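# Geometric and topological summary
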Amino acid sequence: MAFDANRPDLTIGVIGTGAMGRGIVQVAAAGGVQVLMTDSRPGAAREALDFIEKMLVRAAEKGSITKDEAVKAVSRIRIVDGPAEMKPCHAVIEVIVENLEAKQKLFSELEGVVAPDCILATNTSSLSVTTIASKMKTPQRFAGFHFFNPVPLMKLVEVIDGLLTESWVGDALMQLGQRLTREPVRLKDAPGFLVNQVGRGFTLEGAHLVHEGVADFADVDRVMRDVGGFRMGPFELMDLTGLDVTQPASELIYNQFFQEPRYRPNLIMRSRYEAGVLGRKTKRGFYGYDADMKPAVPPEAAAPDSRPQSVWLSPAEPRGHEVLQELLGKMGVALETGAKPSAKALILVTPMGDDATSCAVEQGLDPKRTVAVDTLFPMVKRRTIMGTPVTDRHYRAAAHGLMASDGVPVTVCRDSPGFIAQRIVAMIVNIGCSIAQSRTAEPAAIDKAVTLGLNYPNGPFRFGDVLGPERVYRVLAGLHRTYGDPRYRPNIWLARRAKLGVSLLTPEP
């Protein structure tokens with residue numbers, strides 16, 4: 001079919017003028033597209049148009065566009081009474097309530113209104129594109145066109161091919177996305193698409209860590225900001241988006257994947273959702289909020305002044321040994337050189353996927369003096385350490401004081417394979433690899449979607465390659481071995497490339 005996204009008379013319809021719908025209308029009109037918009041609520045479309053005009057005028061005042069461009073953009077928007085007036089459209093985008101029956105009913109109506117070659121698209125974020133299309137007479141011209149809120153600021157748009165979608169439809173939507181100044185990524189229909197699927201690794205694994213007593217909310221957030229390089233931690237993010245959004249989406253993805261363990265929700269999230277402790281919108285979430293919406297973050301305890309009498313560094317993990325040896329050398333710490341630690345030495349280990357307990361037992365070390373240090377990530381802004389369940393508090397304090405002696409804050413967590421950042425990032429990588437393994441999308445598209453849609457410092461594949469596929473694999477394997485939980489089972493895409501020592505971006509013929 002012929003669809004020219006750049007034709008000067010291109011006309012699209014937008015049904016639903018809430019925050020998402022009016023954002024789509026704004027970027028379409030600004031992109032030179034004629035837009036017909038409607039909403040089932042009386043007056044809603046008029047309110048949306050007034051809002052869009054205000055946003056375009058503001059953009060002109062800031063110099064983002066000219067006044068003339070703002071006026072012309074508004075002139076391209078026309079309010080119509082309902083779906084029955086969408087006949088002139090070359091494409092129609094649905095942005096109504098997330099209800100399967102309502103969407104199916106709307107598209108059945110539209111099929112009888114628009115031309116046979118008009119593209120029909122849904123902005124759904126949680127429902128199956130294929131399922132929505134199952135009641136249509138022409139599912140081959142139907143696809144997902146998923147924008148992100150706020151649309152004018154979020155450049156990503158996911159183009160989702162349903163099972164029966166013809167390839168020209170996805171091609172056309174990719175072109176349309178570019179005309180709307182978005183960054184489109186293409187994928188096959190899957191629960192959560194790309195962004196919402198990968199995002200589960202960040203939020204759910206953070207919740208599992210707290211539920212297991214490894215760390216508290218604030219510590220997990222601090223580590224993921226300072227160590228992982230994320231703009232905010234998982235609990236800050238869930239407070240921002242609201243558990244009334246995150247929790248139902250998590251359960252929906254889990255159930256749509258037939259209870260795939262890596263998407264298993266957590267009781268911490270569920271109980272707070274049911275109690276109405278939703279985050280910023282209720283002024284009470286994982287953090288409390290004052291009238292100015294400033295979170296009440298528990299203060300971080302000062303590092304102890306204590307230092308160890310002597311330090312012995314395990315050579316069992318060569319890379320970790322090298323990294324920590326270099327850091328301690330810069331601190332002026334003289335390490336013991338013996339093959340075994342002396343009777344009173346602080347014992348430091350640098351596990352990759354193992355916990356401190358396993359290191360002590362497997363290496364024949366005194367667990368009362370053993371403390372593990374996370375060396376997988378740069379130790380510039382924050383460091384993470386953990387002892388065994390029997391590590392003497394004096395040795396733990398000495399390790400804390402030592403690692404913080406140059407002014408860098410230290411988070412002390414409880415014993416866990418993978419510490420905090422290793423676990424969360426490994427889950428993000430594993431989910432990304434599972435998406436690639438299923439051929440839902442190409443690795444480059446997955447990375448692009450995650451960095452643009454979630455503002456992560458890296459996508460799953462870039463993260464995996466920076467940290468090292470073999471090390472990420474070892475983290476997951478250690479978690480899987482220790483917990484016996486299938487949610488940590490390494491994906492085969494990751495496992496093969498880790499064993500071959502090649503990039504996660506290496507394609508298969």
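Before going into details, it helps to say that this report is about the structure given with it. Owing to the predicted nature of the structure, the values given are computational and were not obtained by experimental measurement. Sequence order sets the numbering: in each chain, residues are counted from 1 along the sequence as written. Since the coordinates come from a predicted model, pLDDT governs what is reported: local features require at least 70, and pairs of side-chain atoms require 80 or more to be given and counted, while whole-chain, interface and lining totals use all residues. The side-chain values count all of the structure's non-hydrogen atoms but skip hydrogen atoms and water molecules.

## Concerning the sheet that holds strand β3 (residues 77-79)
Operational definition: Between any two strands, pairing holds if DSSP finds at least two bridges. Helix and strand assignments follow DSSP, with helices taken as H or I runs no shorter than four residues and strands as E runs no shorter than two, numbered in order from the N terminus. The convention used is that axes are lines fitted to C-alpha atoms, helices contributing only their stretch in contact, and that angles between N-to-C directions extend from 0 to 180 degrees. The contact criterion used is simple: two residues touch if any of their non-hydrogen atoms lie within 4.5 Å.
Taken in spatial order, the eight strands of this open sheet run β3-β2-β1-β4-β5-β6-β7-β8, and their pairing is mixed. Each of the sheet's edge strands pairs with one partner strand only, and the pair in question is β3 and β8 (183-188). Here the strands of the sheet are splayed against their neighbours by 25 degrees on average, with no regard to which way each runs. Pairing of strand β7 (residues 156-161) with β8, which is carried by six bridges, proceeds in the parallel orientation. Considered in β8, the bridge of L156 is made with E183. Strands in contact with helix α4 (residues 100-111) are β1 (11-15), β4 (91-94), β5 (119-122) and β6 (142-147); relative to β5, the strand with the most contacts, it is inclined by about 170 degrees. Helix-sheet contacts for helix α16 (residues 443-454) involve β7 and β8, and the interaxial angle to β8 is about 130 degrees.

## Quick word on the packing of aromatic side chains
In plain terms, the rule: Ring pairs are drawn from Phe, Tyr and Trp, using the six-membered ring of Trp, whenever the two centres fall within 6.5 Å, and their geometry is named by plane angle: stacked under 30 degrees, edge-to-face over 60, tilted for the rest. Any residue under 20% of the maximum accessible area for its type is buried, any over 50% is exposed, and the rest in between are partly exposed; the area is computed with a 1.4 Å probe on protein chains only. Here, over-ring charges are defined by two tests on the NZ atom of lysine or the CZ atom of arginine: distance to the ring centre within 6 Å, and angle to the ring normal within 35 degrees.
Considering all chains together, one arrives at 12 aromatic pairs under this definition. On the basis of an interplanar angle of 40 degrees and a centroid distance of 5.8 Å, the ring pair of Y483 and Y488 is categorised as tilted. Since its relative accessible area comes to 0%, Y488 is described here as buried. Pairwise contacts between aromatic rings join F202, F230, Y456 and F463 into one cluster. A cation sits over an aromatic face here: R497 above W493, 3.7 Å from the ring centre.

## Comments concerning the layout of surface pockets
Condition: Put plainly, a pocket is an open set of points on a 1 Å grid over the protein atoms alone with protein on both sides within 12 Å along at least five of seven lines, a cavity is a set where a 1.4 Å probe fits but cannot get out, and a lining residue has an atom within 4 Å of a point. Grid points are joined across faces, edges and corners, and a volume is the space filled by probe spheres set on the points. Residues were grouped as follows: Ala, Val, Leu, Ile, Met, Phe, Trp, Tyr, Cys and Pro as nonpolar; Asp, Glu, Lys and Arg as charged; and all remaining residues, including Gly, as polar.
Its volume calculated, the second largest pocket comes out at about 550 Å³. If you go around the second largest pocket, you meet 24 residues; those closest to its centre are Q26, V27, A59, P152 and L153. Going through the elements one at a time, α1 (19-30), α2 (44-62) and α3 (67-75) are the ones with two or more residues in the lining of the second largest pocket. Here the residues of the lining of the second largest pocket sort into 12 nonpolar, six polar and six charged.

## Comments concerning the sheet that holds strand β14 (residues 383-387)
The sheet built from five strands is open, its strands ordered β11-β12-β13-β14-β15 with mixed pairing. With one partner strand each, in any of the chains shown, β11 (311-313) and β15 (410-413) form the two edges of the open sheet. Across the sheet, the mean angle separating the axes of adjacent strands is 30 degrees when strand polarity is ignored. Pairing between β11 and strand β12 (residues 346-349): three bridges, direction parallel. Across the sheet, the residue bridging to L313 is L348, located in β12.

## Notes on α4
Going by this rule: Expected helix span is computed as 1.5 Å times (number of residues minus one). What the arc covers is the set of directions going from the helix axis to the C-beta atoms. Under the rule applied, a polar contact is a pair of N or O atoms within 3.5 Å (in protein, one hydrogen donor and one hydrogen acceptor; residues adjacent in sequence only if both atoms are side-chain atoms).
With 12 residues, α4 should reach 16 Å at 1.5 Å per residue; the first-to-last C-alpha distance of 17 Å fits that figure. By the burial criterion, the buried members of α4 are K103, Q104, L106, F107, L110 and E111. Relative to the axis of α4, the buried residues are bounded by an arc of 160 degrees and lie together on one face. Exposed residues on α4 whose side chains face more than 90 degrees from its buried face are E101 and K105. Residues of α4 that are buried sit in contact with β1, β4, β5, α5 (129-133) and β6. The backbone nitrogen of E101 has a side-chain oxygen 3.1 Å away, supplied by the residue at the start of α4, namely N99.

Note that every value here comes from positions in space, so none of it alone points to a role or purpose.
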